[in-house]
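# Secondary and tertiary structure notes
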Amino acid sequence: NADKADGLMIISDFARDGFNAVLGCGYSSVTVDAATYGRASETVMIGYSATSPALSNKQLYSYFLRLCTPDSAQAAVFTDVLEANDWHQFAFLSTSDAYAQGLADYVAQLETERTALQLKGTFQSMEFAADFTDKEVRRQKWGPAVSKLVKTRAKIWLICVAAELTEKFYEFLAEEYAFLFGPEYVRVTCETFAMAQALVQSVVQSNQISTLGDFNVEPKSDSPVFDAFVDRYKASSLDEFGDFCKCSPDEVAAGKCMNPGQSFLTNGEGVSGAYMDSIFDAVFSFAQASLNIMKRDAGLAVGDIKGKVLLDEILGLEFLGATGAVSFDEYQDNYGGYCVNQADEDFNQICVWRWMGSLQPVSELKFKPFDGAKTASGAPSDEPQCSPGSMRVMVDGALQCIECRAGTFSSSSNSPACTPCAAGSVAPMDGAEECTPCAVGSFGFNSTHCQRCDPGTFASSVGRLVCEPCPAGSISSGGASSCSLCEAGSYTAAKGFSECLPCSAGFFQGSEGATSCDFCPAGTFSDTPGQPGCTACGLANGGTGGMIGVAHGQFCVCDPGFYFRCRDGESNSRCILNSGANVTCEPCPSAKTGSVVLRGLDCAGGYESRAGMSGSIEDLSSLQHAQPVNLPGFMSLVESPYESWGCRNERQCFGGVPGVCGPAGRDGNVQGCTTCVDGMFGIGDDCSDCSGSREWLMIALPICFFFSIPAMYYFCNSPVTANVGSMLATTMAFGMIVMILQVFGVFSRVTLRLDSPMKEIMMFMRIFNFDIDMLGAECLLDTSALSKFTNRCLLPLLLCFMYVAWWGGSRLLSWKNWAVPETCNAMGLLLQALFITMITITTEPFQCKLQP
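Residues numbered from 1 in each chain as written. Predicted model: local features only at pLDDT ≥ 70, side-chain atom pairs only at ≥ 80, totals over all residues. Heavy atoms only, no water.

## As for the overall build of the protein
In terms of regular secondary structure, the protein is built from 19 helices and 45 strands. By the burial criterion, 42% of the 852 residues in the protein qualify as buried. For the protein, the share of sequence-separated contacts (at least 6 apart) that also reach a separation of at least 24 residues comes to 54%. (Helix = DSSP H or I, 4+ residues; strand = E, 2+ residues; numbered from the N terminus. Buried < 20%, exposed > 50% of the residue type's maximum accessible area, 1.4 Å probe, protein only. Contact = heavy atoms within 4.5 Å.)

Quick look at the structure:
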């Protein structure tokens with residue numbers, strides 16, 4: 001874009017969207033500012049038509065390189081043409097754009113350097129007309145500059161105007177200054193004439209000008225593949241330009257609009273020197289360099305092909321392109337060739353000299369300029385002597401001293417022009433003899449005043465064009481000459497910060513100049529931002545539960561194998577992490593007998609979520625110190641959660657939190673879960689509901705046994721069993737049967753996994769061990785262990801008492817056959833059969849279980 005503001009806005013949009021490199025810009029005026037941004041952001045820019053010599057300064061534009069030849073070469077062509085024709089006095093007319101003005105400045109520099117040529121030029125710049133289609137506006141804007149040069153009577157005119165003004169400018173000359181096209185004048189035009197050649201031709205023909213553009217300097221490729229490039233380009237259709245084609249066919253035919261590519265074609269016959277070949281080589285350079293990098297480093301992401309890596313790869317390229325042999329010199333420029341053309345009678349441009357560092361004739365001149373142009377008019381003897389800080393220029397036909405404007409300087413007397421201040425130096429006042437470098441802590445983006453570096457940037461030396469961002473881990477305030485390292489406990493993660501960021505709670509940084517913070521290690525915490533170190537928990541047998549980055553001191557918890565005694569009955573408010581309780585970690589409770597250590601509780605340590613809550617580190621009120629839990633086969637009461645009781649087996653106690661037993665119905669409020677809750681009775685390890693049938697069974701069985709005693713009495717004392725042998729056999733048989741049933745009953749008390757119906761049969765056999773629990777005794781009697789033992793001990797006596805009751809009743813009823821010996825005989829038979837049961841009952845108090 002020719003407009004600086006618009007061009008920089010486009011670069012800014014690119015930067016926001018993200019890009020690897022820039023192709024362009026098209027105009028030198030925009031490129032100078034864009035290349036400054038490219039250096040600061042390390043963005044590679046490759047130019048195809050920005051020819052300003054200033055862009056060869058690699059200290060200022062280190063990330064800019066170009067395929068087009070800089071204007072310093074075109075200025076040399078102009079000077080060589082003057083030398084080849086022995087011309088001395090000349091007029092240089094240019095517009096005020098960066099391209100034309102830069103070319104004029106370089107010609108003026110060569111005029112001073114080539115003293116042997118005795119060149120004497122008069123330079124005049126024209127403004128861009130606000131409306132260059134209006135004749136009166138053109139007359140006002142362009143007329144004074146042309147008139148001043150006419151008054152110098154110079155016959156050699158070097159003309160360079162902006163491409164978009166070329167047609168209207170020559171139209172203006174034909175209308176207002178037609179004599180300039182006479183045979184006594186020679187005109188040498190710059191490359192913009194070739195860019196607008198088709199448009200200018202119509203002006204020339206309509207005004208019947210036959211000698212326009214005696215000489216035209218045009219970039220010209222000498223590449224052997226140029227013709228193939230032209231053929232490929234001419235064969236391309238407008239469809240290949242895609243979204244770039246914005247003109248309708250009617251607009252193109254009327255000359256109101258040109259599609260990309262059409263503006264680079266000359267009468268449809270070929271590609272002009274207007275940079276289409278350098279555009280091609282620029283794109284090829286990007287593509288080839290990127291391919292080389294990806295082949296060399298296959299793992300490199302496409303987004304990382306940029307900056308110094310891409311710049312170095314492009315600078316190392318050498319290839320034969322559309323512009324010729326492509327390579328980059330120490331100024332990152334690529335030099336091509338120029339042709340000096342003459343127009344024949346059909347307005348065709350014929351190359352008469354080729355320039356590749358010097359002029360070489362390639363064809364005969366179509367006409368020879370008149371020799372009177374060689375005469376140089378001497379300067380008047382009364383020329384003014386201009387002091388440094390001013391320039392001597394022609395004004396209204398006379399030399400005058402003009403003070404240099406702010407931003408420019410002149411260090412010598414009678415200087416023909418004032419020199420702009422180099423980037424990074426300024427001349428704030430008019431009439432400067434030299435420019436002053438910007439001091440440290442400031443930069444000179446324009447040439448009239450220095451600006452303080454913004455916060456987060458610095459300038460450590462004088463004469464800086466831009467301020468550099470502070471590296472990560474450092475900061476600066478405005479106008480800084482250096483950056484300060486972030487203090488311990490703070491950091492910056494990227495460049496360009498003006499303030500250090502404090503480390504968050506749970507993090508620390510013990511070094512200066514850090515780019516990140518570290519997690520607090522396990523066993524430590526940091527509850528305040530910006531800390532250079534973390535605080536140890538200081539808790540005996542405790543830490544942070546293996547967690548790093550802890551931001552709360554209350555998060556210090558007990559290690560595995562230890563616990564915090566914080567429960568008080570059913571209240572556990574002191575167990576919450578942020579309760580403020582003084583934490584003391586105690587070893588997990590255990591009992592030791594000899595070499596045996598019995599532990600009924602599992603102490604995992606650490607923390608856990610409160611019941612019914614989803615815990616998080618951010619909300620400490622949702623977390624509590626992990627409490628011991630019962631191992632399988634053990635239980636603890638709610639009111640004494642740290643005292644574990646062993647159960648008969650793991651089926652009766654599953655383990656876990658206090659107050660929890662095993663099967664449904666076991667009473668968690670009783671030590672060891674030995675009894676069932678009210679309304680249920682125990683059958684082995686399980687509990688069953690009490691029902692009316694169980695209560696009637698407890699009543700019916702004693703009654704039945706009571707009334708079965710006479711039968712047992714008469715059986716033992718019948719004539720058959722009265723015989724001693726028969727009595728012994730009967731007693732032994734009955735005893736063995738009962739003993740077998742009793743053994744089955746004992747087995748039922750051993751922890752065996754039996755399936756139905758064997759399980760129920762074995763449980764029923766327990767009645768022969770006087771285990772009345774299976775009959776539901778708990779539903780009617782006291783269920784304490786002492787009561788159960790007492791009832792089982794009294795049961796044999798109760799049976800004997802029933803015999804005595806029958807004996808007494810027989811006496812009252814005069815039953816003569818119930819004699820004392822026979823009654824004792826029947827009771828003895830019963831007690832003999834229940835011998836194993838009575839032994840089992842009497843040894844129960846000696847069966848102890850070690851408790852933790």
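Here the narrative resumes.
## So, the packing of helix H5 (residues 135-151) against helix H6 (residues 166-176)
For the pair H5 and H6, interaxial distance at closest approach is 11 Å and the crossing angle is 80 degrees. Compared by their axis directions, H5 and H6 come out roughly perpendicular. Contacts between H5 and H6 involve Lys135, Arg138, Arg139, Trp142, Gly143 and Val146 from the first element and Lys168, Phe169, Glu171, Phe172, Leu173, Glu175 and Glu176 from the second. Residue classes in the contact of H5 with H6 are distributed as five nonpolar, one polar and seven charged. (Axes fitted to C-alpha atoms, helices over the stretch in contact; angles between N-to-C directions. Parallel < 35°, antiparallel > 145°, perpendicular 65-115°, else oblique. Nonpolar A, V, L, I, M, F, W, Y, C, P; charged D, E, K, R; others polar.)

## Remarks on the nonpolar core
Among the nonpolar cores identified, the biggest contains 32 residues, and Leu158 and Val188 are the most heavily contacted of them. With seven residues, helix H3 (residues 71-84) is the largest single contributor of residues to this core. If you look at the next biggest cluster of nonpolar residues, it comprises 25 residues, including Ala91, Ala174, Tyr177 and Tyr185. (Core = buried A, V, L, I, M, F, W, Y, C linked by side-chain atoms within 4.5 Å.)

## Focus: the pattern of salt bridges
Side-chain pairs of opposite charge can arise where the charged atoms are in close proximity. Counted by the stated rule, this structure contains 12 salt bridges. The partner of Glu175 in a salt bridge is Lys135, and the shortest N-O contact between them spans 3.5 Å. Linking Glu175 in helix H6 with Lys135 in helix H5, this pair joins segments that are 40 residues apart in sequence. Among the residues examined, Glu175 registers a relative accessible area of 36% and is labelled partly exposed. Across the pair Arg139 and Glu136 runs a salt bridge, and its minimum N-O distance is 2.6 Å. Of the two residues, Arg139 and Glu136 both sit in helix H5, three residues apart, roughly one turn of that helix. (Salt bridge = Lys/Arg side-chain N within 4 Å of Asp/Glu carboxyl O.)

## Examining the packing of aromatic side chains
In total, this model carries 13 aromatic pairs according to the counting rule given. Residues Phe169 and Tyr170 carry aromatic rings whose centres are separated by 5.7 Å and whose planes lie at 75 degrees to one another, so their mutual orientation is edge-to-face. Each of the two residues, Phe169 as well as Tyr170, counts as buried. On the basis of an interplanar angle of 65 degrees and a centroid distance of 5.9 Å, the ring pair of Phe172 and Tyr177 is categorised as edge-to-face. On the basis of relative accessibility, which here comes to 2%, the residue Phe172 falls in the buried class. (Phe/Tyr/Trp six-rings, centres within 6.5 Å; stacked < 30°, edge-to-face > 60°.)

## Section: the sheet that holds strand S2 (residues 44-47)
Spatially, the three strands line up as an open sheet ordered S1-S2-S3, and their pairing is parallel. Two strands in the sheet have a free side with no partner beyond their single neighbour: strand S1 (21-23) and strand S3 (64-66). Each neighbouring strand pair of the sheet contributes to a mean axis angle of 20 degrees, computed without reference to strand direction. Bridge count between S2 and S3: three bridges; the pairing is parallel. The residue bridging Ile46 from the neighbouring strand is Leu65, located in S3. Packing of helix H11 (residues 276-296) onto the sheet brings it into contact with S1 and S2, and relative to S1 it is tilted by some 160 degrees. (Pairing = 2+ DSSP bridges.)

## Some remarks on the side chain of Gln124
Its location among the elements puts Gln124 in strand S5 (residues 120-126). Judged by relative accessible area, which is 17%, Gln124 ranks as buried.

## Points about H11
Under the 1.5 Å per step criterion, the end-to-end length of H11 is 31 Å for 21 residues, consistent within 8% with the ideal 30 Å. Every buried residue of H11 is listed here: Met276, Asp277, Ser278, Ile279, Asp281, Ala282, Ser285, Phe286, Ala289, Ser290 and Ile293. (Expected span 1.5 Å × (residues − 1).)

## Examining the sheet that holds strand S4 (residues 89-95)
Pairing is mixed in the open sheet, where eight strands are placed in the order S5-S4-S6-S7-S8-S11-S12-S13. Looking at strand neighbours, the two that pair on one side only are S5 and strand S13 (359-361), the edges of this open sheet. Mean inter-strand twist for the sheet, computed between neighbouring axes without regard to direction, equals 30 degrees. As defined by bridge partners, strand S11 (residues 337-343) adjoins strand S12 (residues 349-355) across six bridges and the pair is classed as antiparallel. Bridge pairing links Tyr338 to Trp355 in S12.

## Considering the state of the cysteines
Under the definition given, this model contains 18 disulfides. Note on cysteine connectivity: Cys339 is disulfide-linked to Cys351, with sulfurs 2.3 Å apart. Measuring handedness by torsion sign, the sulfur bridge of Cys339 and Cys351 sits at about -90 degrees and is left-handed. Of this pair, Cys339 sits in strand S11 while Cys351 is found in strand S12, placing the two residues 12 residues apart along the sequence. (Disulfide = S-S within 2.5 Å.)

## Section: unusual backbone geometry
Even without a glycine there, the phi angle at Arg153 is positive, about 60 degrees. With respect to the secondary-structure elements, Arg153 resides in the loop between H5 and strand S6 (156-160). Taking the relative accessible area as the measure of exposure, Arg153 reaches 67% and is therefore exposed. A positive phi angle, near 65 degrees, is found at Gln332, a position not held by glycine.

## What to know about the environment of Arg811
For Arg811, the location among the structural elements is in helix H17 (residues 785-812). In this structure Arg811 comes out as partly exposed when scored by relative accessible area, which is 45%.

## So, the side chain of Asn341
Inspection of the secondary structure puts Asn341 in strand S11. Of note is the side chain of Asn341, whose polar atom sits 2.7 Å from the side chain of Glu218. What Asn341 contacts, discounting residues up to four positions off in sequence, is Asp214, Phe215, Asn216, Glu218, Gln349, Ile350 and Cys351. (Polar contact = N/O pair within 3.5 Å; in protein donor to acceptor, adjacent residues only side chain to side chain.)

## Observations concerning helix H4 (residues 98-113)
Between its first and last C-alpha atoms H4 spans 22 Å; for 16 residues at 1.5 Å apiece the expected length is 22 Å, and the two agree. What H4 keeps buried is the set Tyr99, Ala100, Gly102, Leu103, Ala104, Val107, Ala108, Leu110 and Glu111.

## A short note on a nonpolar patch on the surface
Where nonpolar side chains cluster on the molecular surface, the patch consists of Trp696, Ile699, Ile703 and Phe707 and spans about 480 Å² of accessible area. With respect to the helices and strands, the residue Trp696 is situated in helix H13 (residues 692-716). Accessibility expressed as a relative area gives 62% for Trp696, which makes it exposed. (Patch = residues over 30% accessible without salt bridge, like charges linked within 9 Å, V, L, I, M, F, W, Y side chains within 5 Å. Areas by Shrake-Rupley, 256 points an atom, 1.4 Å probe, with all protein chains shown as cover.)

## Some points on the pairing of S5
Where S4 lies against S5, seven bridges are found, and the strand directions are parallel. Looking across to S5, one finds that Phe92 is bridged to Phe123. Between S4 and its parallel partner S5, the chain crosses via H4, and the hand of that crossover is right-handed. (Right-handed = clockwise from strand over helix to strand, strands pointing away.)

## Here we look at the confidence of the model for the protein
When pLDDT is averaged across the protein, the result is 77; 75% of the residues are at 70 or more. Between residues 372-381, whose pLDDT stays under 50, and residues either more than four places distant or in other chains, the model counts 14 contacts. (pLDDT = per-residue confidence, 0-100.)

## Section: the pairing of strand S43 (residues 640-646)
In terms of burial, S43 is largely enclosed, as five of its seven residues are buried. Across four bridges, the pairing between strand S42 (residues 634-637) and S43 is antiparallel. Within the sheet, the bridge partner assigned to Phe634 lies in S43 and is Gly646.

## Some thoughts on the environment of Gly600
Along the chain, the position of Gly600 falls in the loop between strand S37 (596-598) and strand S38 (601-602). Classification of Gly600 by relative accessible area gives buried; the value is 1%. A C-alpha to C-alpha distance of 7.8 Å links Gly600 and Met635, two positions 35 residues apart in sequence.

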